Amino acid sequence: QVQLVESGGGLVQAGGSLRLSCAASGSIFSINSMSWFRQAPGKQRDLVATITSGGTTLYADAVKGRFTISRDNAKNTMYLQMNSLKPVDTAVYYCNAAGIAQKFWGQGTQVTVSS
């Protein structure tokens, strides 16, 4: 099992920045990749960004050039630096860890961007 705890969400004005953190514990060795997803009210949960164990990154078109995903293996922590935030970025952001046969989720952290 892997436990994931997100932090760093909050209220920010449009154009501002936030950094989300996801601390992982438990069977860390089983993780192949980690991702950030987000879910706005009444909408499906969408992939925001992924980082593999080898450091390869992938971004949704909507956040390319504004968001940066990274991980600190020594701290077992993943980050999402979010710049130039827009009201459409408002959502609950979830941390995800994927192993060979399992996926794990954090509890989510709310990000609200005011116009």
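Further up the page is the structure itself.
So, a few notes on the structure that sits alongside this text. (Residues numbered from 1 in each chain as written. Predicted model: local features only at pLDDT ≥ 70, side-chain atom pairs only at ≥ 80, totals over all residues. Heavy atoms only, no water.)

1. A word on the overall build of the protein chain
Looking only at helices and strands, the protein chain has 0 helices and 11 strands in total. Along its sequence from the N terminus, the protein chain presents helices and strands in the succession β-β-β-β-β-β-β-β-β-β-β. Against the compact-globule benchmark of 13 Å for 115 residues, the protein chain has a radius of gyration of 13 Å, which places it among compact chains. Its C-alpha atoms put the protein chain at 40 × 25 × 25 Å along the principal axes. Taken across its 115 residues, the protein chain has 41% of its residues classed as buried. A fraction of 53% describes how many contacts in the protein chain between residues 6 or more apart in sequence connect residues 24 or more apart. Of the roughly 6000 Å² that the protein chain leaves accessible, carbon and sulfur atoms contribute 51%. Of the charged side chains in the protein chain, 10 are positive and 5 negative, and the gap between their average positions amounts to 1 Å. (Helix = DSSP H or I, 4+ residues; strand = E, 2+ residues; numbered from the N terminus. Rg over C-alpha atoms; globule rule 2.2 N^0.38 Å. Buried < 20%, exposed > 50% of the residue type's maximum accessible area, 1.4 Å probe, protein only. Contact = heavy atoms within 4.5 Å. Areas by Shrake-Rupley, 256 points an atom, 1.4 Å probe, with all protein chains shown as cover. Lys, Arg positive; Asp, Glu negative; His and termini not counted. Charge placed at Lys NZ, Arg CZ, Asp CG, Glu CD.)

2. Considerations on the pattern of salt bridges
Summed over the entire model, instances satisfying the criterion amount to 3 salt bridges. Across the pair Asp89 and Arg38 runs a salt bridge whose closest N-O atoms are separated by 2.9 Å. With a gap of 51 residues between them, Asp89 in the loop between strand E8 (77–82) and strand E9 (91–98) and Arg38 in strand E4 (residues 33–39) connect regions that are remote in the sequence. You'll find Asp89 and Arg38 in the same group, each marked buried. When the shortest N-O distance is used, the salt bridge between Asp89 and Arg66 registers 2.8 Å. With Asp89 in the loop between E8 and E9 and Arg66 in the loop between strand E6 (57–59) and strand E7 (67–72), this residue pair connects regions lying 23 residues apart in the sequence. For Asp89, a relative accessible area of 0% corresponds to the buried category. In the salt-bridge network here, residues are joined through shared partners; they are Arg38, Arg66 and Asp89. (Salt bridge = Lys/Arg side-chain N within 4 Å of Asp/Glu carboxyl O.)

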